[in-house]
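Observations on chain architecture
Chain residues, written in single-letter form:
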Amino acid sequence: MSLVAITRGVAASIGACELTHLERQAIDVDHARAQHRAYEAALERLGCHVESLPALDSLPDSVFVEDVAVVLDEIAIVTRPGAESRRPEAAEIAPVLAAYRTLAFIEPPGTLDGGDVLRLGRRLYVGLSARSNESGTRQLRELVGPHGYDVTAVRVESCLHLKSAVTEAAPGVILVNPGWIDPAALGAGRVIEVDPGEPGAANGLTVAGRLIYPMSFPRTRRKLEDAGIELVPVDVSELQKAEGAVTCCSLLLGSDLKTRHRGDGSPSRRDARA
Ligand code: CIR
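Okay, so let's go over this structure. Keep in mind it's a predicted model, so treat the numbers as computed, not measured. (Residues numbered from 1 in each chain as written. Predicted model: local features only at pLDDT ≥ 70, side-chain atom pairs only at ≥ 80, totals over all residues. Heavy atoms only, no water.)

Looking now at the sheet that holds strand S1 (residues 2-8). The three strands lie next to each other as S2-S1-S15, forming an open sheet whose pairing is mixed. Because the sheet does not close on itself, it has two edges, and the strands there are strand S2 (48-53) and strand S15 (251-255). The mean angle between the axes of side-by-side strands here comes to 25°, regardless of whether they run parallel or antiparallel. Pairing between S1 and S2: six bridges, direction parallel. The residue bridging Ile-6 from the neighbouring strand is Glu-51, located in S2. (Pairing = 2+ DSSP bridges. Helix = DSSP H or I, 4+ residues; strand = E, 2+ residues; numbered from the N terminus. Axes fitted to C-alpha atoms, helices over the stretch in contact; angles between N-to-C directions.)

This is the structure in structure tokens:
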């Protein structure tokens with residue numbers, strides 16, 4: 001079983017991205033692309049096969065592939081993003097995921113962003129946020145229940161997504177901004193709180209026992225290192241201007257690459273970047 005990371009190149013139009021909690025700042029597309037390639041390289045160094053999809057210049061936020069699907073070992077759910085401008089991204093990811101998983105879809109009036117779905121073991125916590133609603137959560141519960149997953153809804157009010165406020169830093173350890181989410185709501189074992197001066201620091205991506213983590217949060221980084229967590233630092237400063245972080249730039253899935261079926265018979269699109 002290999003680990004596959006699906007990513008998508010940075011759209012030339014990323015400067016027109018959705019913004020909820022940040023002021024718009026100019027984004028240097030070349031710099032953002034270089035940072036994104038370094039992120040992909042970090043995934044490769046950690047043993048992932050990176051399926052890097054071409055940029056979609058008409059969809060400014062399409063680099064943030066996490067939001068358009070929830071991928072489990074048993075099934076992939078293609079979401080219906082809360083932001084209308086992002087809805088066409090779902091149709092772009094569906095054929096890619098169909099090569100790896102049976103698909104299901106969130107239907108109207110449901111909305112769901114993958115950034116609102118935190119998996120801890122067999123439980124999926126879903127942020128009821130500006131992007132993900134009760135219907136989307138209910139549909140997700142019906143789709144994953146038969147595969148042995150429980151779904152628990154959690155209110156998210158002060159930040160974009162649930163995973164802006166909390167991610168898993170290591171097995172049984174969550175990294176959390178307690179000002180944005182009450183860690184007690186997540187019933188996790190060990191809790192590491194972000195440094196109070198770094199509210200956006202709760203988003204890290206665990207891969208192969210390491211934590212891919214933004215360079216821009218040095219104080220929280222020190223806390224994580226002191227807790228014995230091995231970090232892989234990445235500079236995502238340009239993507240952060242688009243309200244992105246590290247979980248949002250990939251979809252991770254276990255795959256038997258040798259036997260998986262590709263509908264179009266083509267090889268991996270690793271080198272098909274725009
Ligand atoms: C948006 O507002 O949808 C994008 N500008 C940022 C999405 C980031 N996604 C994520 O953290 N899961």
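Having put the structure on the table, let's press on.
Turning our eyes to something else, we now look at the packing of aromatic side chains. Evaluated as defined, the whole model comprises one aromatic pair. Here the aromatic rings of Tyr-213 and Phe-217 are separated by 6.2 Å at their centres, their planes lie at 55°, and the arrangement is tilted. Each member of the pair Tyr-213 and Phe-217 is classed as buried. (Phe/Tyr/Trp six-rings, centres within 6.5 Å; stacked < 30°, edge-to-face > 60°. Buried < 20%, exposed > 50% of the residue type's maximum accessible area, 1.4 Å probe, protein only.)

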